[in-house]
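Topology and contacts: notes
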Amino acid sequence: MKAVFIAYNQALTEKIEFILDRMSIRGFTRWNQVQGRGSHTGEPHMGTHTWPAMNETILTIVPDEKVNELMDKLRHLDSKTEMQGLRAYVWSVEDAI
Amino acid sequence: MRIYETAVKKPITTILIFVGVVIFGLFSLRYLPIDLYPEIDPPMVTVFTFYQGASAADIETNVTRPLEDNLNTVNNLKKLSSVSRDNVSLLTLEFEWGSNLDEATNDIRDVLGRIEAFLPDGVDKPILFKFSTSMIPIMMLSATAEESYPALTKILDEAIVNPLNRIEGVGAVSLSGGPKREIQVNVDPFKLDAYNISVEQLGNFIRQENLNLPGGVLDIGSHTYPIRVEGEYKSSDELGRLIVGSFNGRTVRLSDVATVKDTIAKITMDERTNGRTGARIIIQKQSGGNSVKIAEEVNKVLPQLKRSLPSDVQIEMIFDTSEFIQNSINSLAMTILYAGIFVVLVVLFFLGRWRATFIIILTIPVSLIVSFIYLYVTGNTLNIISLSSLSIAIGMVVDDAIVVLENITSHIEKGASPREAAIYGTNEVGLAVVATTLTVVAVFFPLTMVQGLSGIMFRQLGMIVTLVVVVSTIAALTLTPMLASQMMRRQPPRKTGIIKVIFDGIDRFLTGLDNFYESTLAMAVRRRFLVLFVSIGIFIGSIFLLPMVGVEFFPPADNGRIEAKVELQMGLGLETTKVTARKIEQIFLEKYPEVEVISTSAGSADQGNIFASFSDNGSHIISLTMRLSSATERNRSIYEIGDMMRADLSLIPEIEDFRVDPGGSGGGMGSGAATVEVIISGFDLDVTGRLADEMAETMTNMAGLRDVEISRDKSNVEYQLVLDREKMALHGLNTGLVANALRNRMHGLTAAQFREDGEEYDIVVRYDEVFRESLDNVEGILIPNNQGLFIRLSEVGTLKEFFSPPSIERENRQRIVRVTASLFNASMTDVVRDVRAAFDRMDVPVGVGMDIGGTVEEQQESFADILLLLLLVIILVYIVMASQFESFRSPFIIMLTLPFAFTGVFLMLFITGHTLNLISLIGSVMLVGIVVKNGIVLVDYINLMRDRGLALVQAVIVAGRSRLRPVLMTTLTTALAMIPLAMGIGEGSEIWQPMGISIIGGLMFSTMITLVLIPVVYTLFGAGRMKREKKRLQMMEEEI
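Residues numbered from 1 in each chain as written. Chains lettered and ligands numbered in written order. Predicted model: local features only at pLDDT ≥ 70, side-chain atom pairs only at ≥ 80, totals over all residues.

1. Some remarks on the overall build of chain B
Heads up, the condition is: Helix numbering and strand numbering both begin at the N terminus, where a helix is a DSSP run of H or I of at least 4 residues and a strand a DSSP run of E of at least 2. Burial is judged by counting the other C-beta atoms within 10 Å of a residue's own C-beta: 20 or more makes it buried, 12 or fewer makes it exposed, and any count in between marks it as partly exposed, with every C-beta position built from the backbone. In this description, a residue-residue contact is defined by the distance between C-beta atoms placed from the backbone, which must lie within 7 Å.
Counting its regular elements, chain B contains 32 helices and 30 strands. The C-alpha extent of chain B, read off along each of the three principal axes, is 135 × 80 × 55 Å. Counting across all 1040 residues of chain B, residues that qualify as buried make up 42%. Considering only contacts within chain B whose residues lie at least 6 apart along the sequence, 79% involve residues at least 24 apart.

2. Describing the overall build of chain A
The test is simple: We compute the radius of gyration from the C-alpha atoms alone; for a globule the expected value is 2.2 Å times N to the 0.38, where N is the number of residues.
Broken down by element type, chain A carries 2 helices and 4 strands. In chain A, the succession of helices and strands from N to C terminus is β-α-β-β-α-β. For a compact globule of 97 residues, the expected C-alpha radius of gyration is about 13 Å, and chain A comes in at 14 Å, within 12% of that figure. The burial tally for chain A puts 21% of its 97 residues in the buried class. Pairs at least 24 residues apart make up 69% of the contacts formed inside chain A by residues separated by at least 6 positions.

3. With respect to the sheet that holds strand β1 (residues 2-9) of chain A
One key point about sheets: their strands pair by backbone hydrogen bonds, in either a parallel or an antiparallel sense. All names here are of chain A. Defined as follows: The criterion for strand pairing is that DSSP finds at least two bridges linking the strands in question. Axes, fitted as lines to C-alpha atoms, cover a helix only where it is in contact. Angles between the N-to-C directions of the axes lie from 0 to 180 degrees.
Strand order in this open sheet of 4 strands is β2-β3-β1-β4, and the pairing throughout is antiparallel. Strands with a single pairing partner mark the edges of an open sheet, and in this sheet they are β2 (29-34) and β4 (86-92). The sheet shows a mean angle of 15° between the axes of neighbouring strands, direction not considered. Taken strand by strand, helix α2 (residues 64-80) contacts β1, β3 (55-62) and β4, and its axis lies near 165° from that of β4.

4. Topic: the domain arrangement of chain B
Quoted interface sizes are often the accessible area lost when the parts come together. Heads up, the condition is: As used throughout, domain bounds are those supplied by an automatic or database domain assignment.
Partitioning chain B into structural domains gives domain 1 (44-131), domain 2 (135-180 + 267-324), domain 3 (182-264 + 717-804) and domain 4 (352-492). Taken over C-alpha atoms, the centre of domain 2 of chain B sits 48 Å from the centre of domain 4 of chain B.

5. A few points about the sheet that holds strand β7 (residues 181-187) of chain B
Residues and elements named next belong to chain B. Spatial strand order, β12-β7-β24-β23: 4 strands in an open sheet with mixed pairing. Edge positions in the sheet fall to β12 (258-264) and β23 (749-756), since each of these pairs with one other strand and no more. Neighbour to neighbour, the strand axes of the sheet diverge by 25° on average, direction disregarded. Inspection of the sheet shows β23 paired to strand β24 (residues 759-767) by 7 bridges, in the antiparallel sense. Paired with Phe-754 across the strands is Tyr-761, a residue of β24.

6. Some thoughts on the confidence of the model for chain A
Spelled out, the test is: Confidence of the prediction at every residue is given by pLDDT, a number between 0 and 100.
Mean pLDDT over chain A: 91, with 100% of residues reaching 70 or higher. The spread of mean pLDDT over the elements of chain A runs between helix α1 (residues 13-22) of chain A, the lowest at 90, and β3(A), the highest at 94.

7. What about the packing of helix α5 (residues 152-165) of chain B against helix α10 (residues 291-307) of chain B?
Residue and element names in this part refer to chain B. Note the cut-off: Angular relationships are summarised with four words: roughly parallel below 35 degrees, roughly antiparallel beyond 145, roughly perpendicular across 65 to 115, and oblique for the angles in between. We call a crossing left-handed when the near helix sits turned anticlockwise from the far one by less than a right angle, and right-handed when that turn is clockwise. Three classes are used: nonpolar for Ala, Val, Leu, Ile, Met, Phe, Trp, Tyr, Cys and Pro, charged for Asp, Glu, Lys and Arg, and polar for all others, with Gly counted as polar.
At a minimum axis separation of 10 Å, α5 and α10 run at an interaxial angle of 150°. Relative to α10, the element α5 is oriented roughly antiparallel. Where α5 crosses over α10, the two elements pack in a sense that is right-handed. Note on element contacts: α10 touches α5 through Val-298, Val-301 and Leu-305, opposite Ala-159, Ile-160, Pro-163 and Leu-164. Taken together, the residues of the contact of α5 with α10 break down into 7 nonpolar, no polar and no charged.

8. What to know about unusual backbone geometry
All names here are of chain B. Within the chain, Asn-76 stands out as a residue other than glycine whose phi angle is a positive 65°. One can find Asn-76 in the loop between α3 (56-71) and β2 (77-85). The exposure class of Asn-76 is partly exposed, given the 15 C-beta atoms found within 10 Å. For Asn-812, which is not a glycine, the phi torsion comes out positive at approximately 45°. Here Asn-812 lies in the loop between β28 (808-811) and β29 (814-823).

9. Notes on the environment of B:Ile294
Residue and element names in this part refer to chain B. One can find Ile-294 in helix α10. Note on Ile-294: 24 C-beta atoms within 10 Å, which makes it buried. For the pair Ile-294 and Ile-283, spaced 11 residues apart in sequence, the C-alpha to C-alpha distance is 9.6 Å. Discounting residues that sit within four places of it in the chain, Ile-294 has contacts with Ile-138, Ile-167, Gly-169, Val-170, Lys-285 and Gly-289.

10. Some points on the pairing of β7(B)
The two faces of the sheet receive side chains in turn, since in a regular strand these alternate between them. All names here are of chain B. Here β7 lies mainly inside the structure; 5 of its 7 residues are buried. Pairing of β7 with β12 involves 7 bridges; the strand directions are antiparallel. Along β12, the bridge assignment pairs Glu-182 with Thr-263.

11. A few points about the nonpolar core
All names here are of chain B. The test is simple: A set of buried residues qualifies as a nonpolar core if it consists of Ala, Val, Leu, Ile, Met, Phe, Trp, Tyr and Cys joined through C-beta atoms within 7 Å.
Within the largest apolar cluster, 168 residues are counted, with the highest numbers of intra-cluster contacts made by Ala-393, Ile-394, Val-468 and Val-925. The residue makeup of this core includes at least three contributed by each of domain 2 (135-180 + 267-324) and domain 4 (352-492). In contact with Val-925, not counting residues within four places along its chain, are Val-443, Ile-866, Leu-869, Leu-870 and Val-873. Val-257, Ala-258, Leu-749 and Phe-754 belong to the second-largest nonpolar core, a separate cluster that totals 25 residues.

12. Focus on the pairing of strand β20 (residues 675-681) of chain B
All names here are of chain B. Within β20, 6 of the 7 residues are buried, which leaves the element mostly enclosed by the surrounding structure. Here β20 runs beside β29; their pairing, made up of 7 bridges, is antiparallel. Each bridged residue has a counterpart across the sheet, and for Ile-679 the counterpart in β29 is Arg-818. As paired elements, β20 and strand β30 (residues 849-854) share 6 bridges and run antiparallel to each other. Of the residues in β30, the one forming a bridge with Ile-679 is Asp-851.

13. Topic: the environment of B:Glu147
Residue and element names in this part refer to chain B. Relative to the elements of secondary structure, Glu-147 occurs in the loop between β5 (139-144) and α5. On the neighbour-count criterion, Glu-147 (10 C-beta atoms within 10 Å) is exposed. Sequence separation of Glu-147 and Val-313 is 166 residues, and the distance between their C-alpha atoms is 8.6 Å.

14. Thoughts on the packing of helix α16 (residues 498-526) of chain B against helix α31 (residues 952-983) of chain B
Residue and element names in this part refer to chain B. Axis separation between α16 and α31 bottoms out at 9 Å; the angle between their running directions is 150°. With respect to their mutual orientation, α16 and α31 come out roughly antiparallel. The hand of the α16/α31 crossing is right-handed. From α16, Leu-510, Asp-514, Tyr-517, Glu-518, Leu-521, Ala-522 and Val-525 reach across to α31, where they touch Val-953, Val-956, Ile-957, Gly-960, Arg-961, Leu-964 and Arg-965. Of the residues contributing to the contact of α16 with α31, the split by class is 9 nonpolar, 1 polar and 4 charged.

What follows is the structure, given as structure tokens:
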């Protein structure tokens, strides 16, 4: 079991959701309307007059075998629209109820 | 924080706000005046212009036409009509309903000021006259007397009229038809001639002797005394002893040449009540007065006043409009009560919980009471319209609360705490509740914008329903969740007992109904095209019902009053007319035990009376006003009785023309029968007269028409004195002298006033009656000339017989003749078609036109308004729904119910035998807002099921099953609340019967269709939704 944390421009919401649906990943927790900015490039997404865009984040716990496919799909989506901003991080889940 | 969240968290504030509203509402109710209809002032201004001595034709050219030409420019003028009669021109300016009459009268005054200088010399200043509803008498009493008859006027004046005038709100109390005391000096012309005295001299003597004059002051010693002459007659006997001259050394007294009679004036109008001689007392209210309160007060003081009357004077009520108002208001209040009971039963039946029922029912008084505040603040009255608006609204105000509470209950049953359930449950349905309310508002608010007469009637209806429904939604979003959070608990299993048996039975029945509906729906969805074609077939079939359901303007009401006008041969004297009047009275009283009071007046009112100029007057006219027992106490309606009276009248040979008006002609709006008016316009009076006669002939033969009348009077026979100016000059006379002399001898010379007890009575000198009965008498009149010589009238002129020109009527500056008839058991459209066809067959010269007016005109305007309104309402409702669903398709599916609502209306009207009229049409307009509510609830839920991923057919069936109960509940509460209205129990409520019937029919029928057809159509459109979904997924695939 791995935890995947995805942070992305809210414009990508539909597409991210579609990817999860396609991969039959049902469970997730989502925060919408969050602020954030990239470490190196890209516009900050602060929801202010200067930087009006906003981010959204998803935390989803997926079986180990699905992680790679999910990351590939996200990477592909990011490469198509690099300026939108999409980041994903994976770490292990130690216990769950 | 959202409104329902605040309400739930602050229960005390919420409840106190509503308590405050209720208290303010009850306070307003206490001060609301009660009336039959909202105050409606007909937008008419009349201009009277007197031009003494001019004939109808002279008046037309010299007065009426210049006035018309100039007044035509006044703003907002709709129709300009005029009547030119001998001596008077009467112009009526009709404006659009709702226009500002004050402004209009100002404009008219400006115009009159401008043209006054161009009118002929001798024309009096034009008089403006404005009608208002407060001029319609609210009560009419009759007074009859035997021995006290000669003094009746004085007795009534002191004992009844003056005390009644002091009652607050009473505008005027007037007395008509009572005897008037007059001191007559009836001269014998032969004796007068013998003593060489003229009538004018006699008058002069009488006037000179009747004099009180202060003569100045007298200083006697240290005192000053006034000195005066007291010559006024102390009693009427003195007159006879008056010395009027001397002849051959003998004094001539008045009694030598004339008889002096202290008697009552010759009556030009004979008033009787139930055949006894008497007078009428007419009570009018001040504008804004409370008719019911005034009538109550009058009825309270009347027994007291009666005690001071002589024993033979009887006072009886001819009519009391307040009785009708009171009965109508009471029956409407009962209607509201019944409606409330029905709503309680329905809610209890479906929910099976007392607490839930209580919470829902509480929204009824809260929202209804707000309308009293509205009425009070806007200065309106509690009337038939406002009360029936309440009974229409009562079934709708609970809908929102039902939807909200149903959802909260289901949350509680799932285990949520009442407080959270109240907040979430309201949140879920809040938007749908607001949307259904908006559709209702979209229907009722435009009602306030209807123009014309119907607009005035429906403004209150629109405002009240809009307000009540909005308040009910606010209550459903605040009061209902708040009370639910406080009172609702998870339902414990019912204890055994009778209650359990009943409610378990109901539960089983409802579940069975759910199952039945589910299987029906499953079958219908499988055979969707069959369902579609059958539905279309039903709708088209119902259109063929329409010709069988008649069309009329306004449903007639039974106010227990019949008026009749009977014309005998032109020029017949009062004595003969009276005989016929007694005959008619006797027939009516014998044949119709329903007639309680019959009040008859024969003859004409005093000349110069402004009211007399409005109506036909003449010694040959009898008018009857009958009061019948109240509508609930008799089997025959006023229309049936009216019909039988017509048959009776047509059997009396001396009657030339008559009309019977059940309900009265001018009393309540719309209560009289509908009229058709054929207006023939053209300059040549002979030609139009002939055409009018022909038209009247054909119209009399038409089955659907009654009481055909021609507005132009038949030519009057009159005698004119044609004078020879040369001969007059020879004898030292002129026309003025001769004319005055003639008038003084025939009509009489008012010589002086006899004063007694502060009252003045005329002393009238004229020829004794026996000398006023033949042409010889007239020709034998001796006229004194300037030299004091007497010239016989036949020396200077001759009497010739003439047909005087009839009165000339004009409309929009053209001469017209009207042929009017009232409609009976026939469709207006058929009659109009027949009339037009008949006119086409006539020999009509160039320049003569024909037009149809009367109620038809108004009806067409009103119907056009309502149809336009219907269109507007449909568009508005579509917009509201489309914005709620954010879709063009869903509202379209929902609107498919509308045709079936109309099918239901036609069907129900056909079954109950009612007609399509203004009221049932308004009912149909309301249906647009009411029937779509069911569709909204259903389609919204199907959409929800689809969004949750259910397959199309399954979504439809699941949604249908779960929404069946709320749909049935809201439909039943609305429909059952209308039942008392549709049954038309009690007086006055029959006006609203067609509305109740059409709403119930339309709602029930469309609900049945909605429950099957809408899911079916949804599945037809659903395929499109699937296709689009597939396309979207494909696009997504490409993009990632």
